[in-house]
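If you want the building blocks of each chain, they are given just below.
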Amino acid sequence: MLLRQALETGQFAITAEVTPPRGGNPQRTLAVASKLRGLVHAVNVTDGSRAVMRMSSLALCRLLLEAGLEPVLQLACRDRNRIALQADLLGAHALGIRNVLCLTGDPVRAGDQPSARAVNELEAVRLLQLVGQLNGGLDPVEGQLPDGPTALFPGAAADPQSASWSGLRARVRRKHVAGARFLQTQMVMDSEALRRFCGEISEPLGLPVLAGVFLLKSARNAAFINRVVPGASIPQPIIDRLAASSDPAAEGVAIAAEQVRAYRGIAQGVHLMAVKAEERIPLILAEAGVSATPRNWQAERRPLPPADRC
């Protein structure tokens, strides 16, 4: 439980995200994830992100655990009714998986099978409530779980750059009341928006935040994300900086590393996303000068006043 320990003891926590393969062979994903050992506290495994077919997040989380890496199971409500969600949560606990990021899920129309039928019986808040019931030893149907409570560590997602501040505040409060113990954010390109989010929304609730840092590969990649990803808002100066670089890939790493350093003084951690370029995550952390190793925290962790940390 490295992630939970880091968050509960006030360390600067680091998570990174990997995408399951579009096929039955997990070896490439496992090889990429293995390079994160000692650099991050936990590795998120996406669950049908952007409504595209991928290997089961639950299966890959178990494989990561067997490889000595702590996983974060991303669990989306889009494709499962409550019975399936209950089954996956109990199965995750049985397999030794403890961290669960509770998500509503991207809409089916965003993916490559738009005629597929979504379920959406629950959404993120009600999924968090379900985790809380299981952690309390409650059987949603028959009273008490016969073998005692689960010990899942639930988290939720948030978007500090949401267009509706009041809606964002209300949604985060609902997730907190439902049992969220930490937040991982969507990509954040505006440090002041993150500072406001932490100071006005998450910190009063005592919710630690891992700020989303997204690796941009080129100006074209950034423009594409702005065009197709709901809520994405990559500033034009960053796009121009990538366009002017003779090595956009290296420039993207530099930008991400700068964000990691900036967010250390605002949030309690960072969540690194490098879609189809996960092998560059160690480069980002090296350039930012951080990792999850205990020696590193003694050397580099800077104590922050409580009001300045999520």
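Residues numbered from 1 in each chain as written. Predicted model: local features only at pLDDT ≥ 70, side-chain atom pairs only at ≥ 80, totals over all residues. Heavy atoms only, no water.

1. Points about the pattern of salt bridges
Inspection of every chain in the model, using the stated rule, returns 15 salt bridges. For D47, the salt bridge is made with R80, and the minimal N-O distance between the two is 2.9 Å. Of this pair, D47 sits in the loop between strand 2 (42-45) and helix 3 (57-66) while R80 sits in the loop between strand 3 (71-76) and helix 4 (82-94), placing them 33 residues apart in sequence. Like D47, the residue R80 is buried in the burial classification. On the basis of relative accessibility, which here comes to 16%, the residue R80 falls in the buried class. Overlapping salt bridges, with partners in common, bring together R4, E8 and R181 in one network. (Salt bridge = Lys/Arg side-chain N within 4 Å of Asp/Glu carboxyl O. Helix = DSSP H or I, 4+ residues; strand = E, 2+ residues; numbered from the N terminus. Buried < 20%, exposed > 50% of the residue type's maximum accessible area, 1.4 Å probe, protein only.)

2. Concerning the environment of V177
Within the secondary structure, V177 sits in helix 6 (residues 165-178). Overall, V177 belongs to the exposed group, its relative accessible area being 71%. In this structure the C-alpha to C-alpha distance between V177 and Q129, which are 48 residues apart in sequence, comes to 8.7 Å.

3. Details of empty space enclosed by the protein
In this approach the atoms are scanned with a rolling probe the size of a water molecule, which exposes any empty space left behind. Summed over the entire model, instances satisfying the criterion amount to two cavities of 30 Å³ or more. Each pocket or cavity is described by its volume, and for the second largest cavity that value is around 30 Å³. If you trace the second largest cavity, you find it lined by V18, T19, R28, T29, V32 and E278. Sorting elements by how many residues they give to the lining of the second largest cavity places helix 2 (residues 27-34) first, with three residues. Split into classes, the residues belonging to the lining of the second largest cavity amount to two nonpolar, two polar and two charged. (1 Å grid on protein atoms, 1.4 Å probe; cavity = no way out; pocket = protein on both sides within 12 Å on 5 of 7 lines; lining within 4 Å. Points joined across faces, edges and corners; volume = space filled by probe spheres on them. Nonpolar A, V, L, I, M, F, W, Y, C, P; charged D, E, K, R; others polar.)

4. Regarding the sheet that holds strand 3
Strands in a sheet are paired, the pairing made by backbone hydrogen bonds, and the direction either parallel or antiparallel. Sheet architecture is closed into a barrel: eight strands sit in the order 1-2-3-4-7-8-9-10, paired in parallel fashion. This sheet shows a mean twist of 25 degrees between the axes of neighbouring strands, independent of strand direction. Where strand 1 (residues 13-18) lies against strand 2, four bridges are found, and the strand directions are parallel. Bridge pairing in strand 2 links E17 to N44. The strands touched by helix 4 within the sheet are strand 3 and strand 4 (99-103), with strand 3 carrying the most contacts at an inclination of about 175 degrees. Strands in contact with helix 5 (residues 124-135) are strand 3, strand 4 and strand 7 (153-158); relative to strand 4, the strand with the most contacts, it is inclined by about 145 degrees. (Pairing = 2+ DSSP bridges. Axes fitted to C-alpha atoms, helices over the stretch in contact; angles between N-to-C directions. Contact = heavy atoms within 4.5 Å.)

5. Overview of helix 9 (residues 236-244)
Listed as buried for helix 9 are I238, I239 and L242. The buried residues of helix 9 occupy an angular sector of 100 degrees when the element is viewed end-on, so they sit on one face. Those residues of helix 9 that are exposed and aimed more than 90 degrees away from the buried face are P237, A243 and A244. As for helix 9, its buried residues are in contact with helix 8 (219-228) and helix 10 (248-264). (Arc of directions from axis to C-beta.)

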